[in-house]
Amino acid sequence: MGAAPTAASAQVRLVAVGDESAGQRLDNFLIRVLKGVPKTHVYRIIRSGEVRVNKGRAAADTRVQEGDVVRLPPVRVSDAAAEKLEKPAPPREFPIVYEDDHLLAIDKPAGVAVHGGSGVSFGVIEQLRQARPQAKMLELVHRLDRETSGILLVAKKRSALTRLQDQFRERETGKTYLALVPGAWPAGNKVIDLPLHKYLQADGERRVKVVAKDDPDGMRSITLVKVQALLPLPLARQGRSELASTASLLEVTIKTGRTHQIRVHLASQGHAILGDDKYGDFELNKSLQKLGLKRMFLHAWRLQFDHPASGERIALQAPLPPELQKFIAHARVPTPPP
């Protein structure tokens, strides 16, 4: 038994489907409209016939269309859910890289989750919705790790969401990141094609590891690496290995979008991303914090995709954030010819 229920809607409501929801499954439409109502209850009222679409019964997988009228029965939410609704995420706008009627591209700062969950009460998407109450729809097209900064796409129409997600799924987007790693990256190591397996540690923390090519749990993962510059890596104290006296600024393009793909692939080559608290060199990271690197040096730098409405190829770029620019500004050494 959960907390005592609290009234959320004491009467039947009729909701018209807008163009932003056209083509969405009925269950997903209801989960968005009936905020705070448990999913189990949403499916129960669909099965019982209490939810009607244009006065007729409908299944959970029915696709609603613009202009449809959906009947919603009285529903109740738990005290915890009601309290969460009463304390919404603080509104926040983020630096805009691109925006039109179909989509929004922001430059996400490091340290901000893209959505609430897993111990985080809210993220970018919840804050954006609070900052833009007039927006009919704002949905994440893809995700970035909390520690990663850079370009994040948000759809403003259902059609844009599905078309953009299809491009990500079919690998039709161009995604290039900037990463700083210790040591001189081997010029000949341009393609990392190693399967990755996602697993949970004993404490429930999510981790990813490289597995053998024939591992049934491995997902093929492809990362392309290009050295943009070599930099000196001055440390707070002497006596560290030669590996840590130089750093490589890499342009990393991912052909697949696996969880923690760049972080694990680079670490598997002996060059974990500086500042990475999951797969990095913890002792080295501690030294670099004293020099101002207090986050993981991974930034979603460039993104290319076909516009979901016009089909035009869009190329976006977000410069390195100030804290990363500051860290590398003291010296830049041109990359030697391959």
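### Section: helix α6 (residues 261-268)
Turning to step 1, where the next piece is worked out: For α6, a buried count of six out of eight residues is recorded, marking the element as mostly surrounded by other parts of the structure.
Turning to step 2, where the next piece is worked out: Taken together, the buried positions of α6 are Q261, I262, R263, V264, H265 and L266.
Turning to step 3, where the next piece is worked out: Phi for G270, located one or two positions after α6, is positive at around 85 degrees.

### Observations concerning the side chain of K278
Turning to step 1, where the next piece is worked out: For K278, the location among the structural elements is in the loop between α6 and α7 (282-289).
Turning to step 2, where the next piece is worked out: Under the relative-accessibility criterion, K278 is labelled buried at 19%.

### Observations regarding the pattern of salt bridges
Turning to step 1, where the next piece is worked out: Scanning all chains against the criterion turns up 17 salt bridges.
Turning to step 2, where the next piece is worked out: When the shortest N-O distance is used, the salt bridge between K213 and D193 registers 4.0 Å. One end of the pair, K213, is in the loop between β14 (206-210) and β15 (222-232); the other, D193, is in strand β12 (residues 191-193), with 20 residues separating them in the sequence.
Turning to step 3, where the next piece is worked out: Since its relative accessible area comes to 61%, K213 is described here as exposed.
Turning to step 4, where the next piece is worked out: We note a salt bridge from E205 to R207, for which the minimum N-O separation is 3.7 Å.
Turning to step 5, where the next piece is worked out: E205 sits in the partly exposed class, given a relative accessible area of 32%.
Turning to step 6, where the next piece is worked out: In the salt-bridge network here, residues are joined through shared partners; they are D145, E147, E205, R207, R263, D276, D277 and K278.

### Observations concerning a nonpolar patch on the surface
Turning to step 1, where the next piece is worked out: Where nonpolar side chains cluster on the molecular surface, the patch consists of V12, L14 and V69 and spans about 250 Å² of accessible area.
Turning to step 2, where the next piece is worked out: Looking at where V69 falls in the secondary structure, it is placed in strand β5 (residues 69-72).
Turning to step 3, where the next piece is worked out: Take V69: its relative accessible area is 34%, and that puts it in the partly exposed class.

Here is what the cut-offs are and how they apply
Residues numbered from 1 in each chain as written. Predicted model: local features only at pLDDT ≥ 70, side-chain atom pairs only at ≥ 80, totals over all residues. Heavy atoms only, no water. Buried < 20%, exposed > 50% of the residue type's maximum accessible area, 1.4 Å probe, protein only. Helix = DSSP H or I, 4+ residues; strand = E, 2+ residues; numbered from the N terminus. Salt bridge = Lys/Arg side-chain N within 4 Å of Asp/Glu carboxyl O. Patch = residues over 30% accessible without salt bridge, like charges linked within 9 Å, V, L, I, M, F, W, Y side chains within 5 Å. Areas by Shrake-Rupley, 256 points an atom, 1.4 Å probe, with all protein chains shown as cover.

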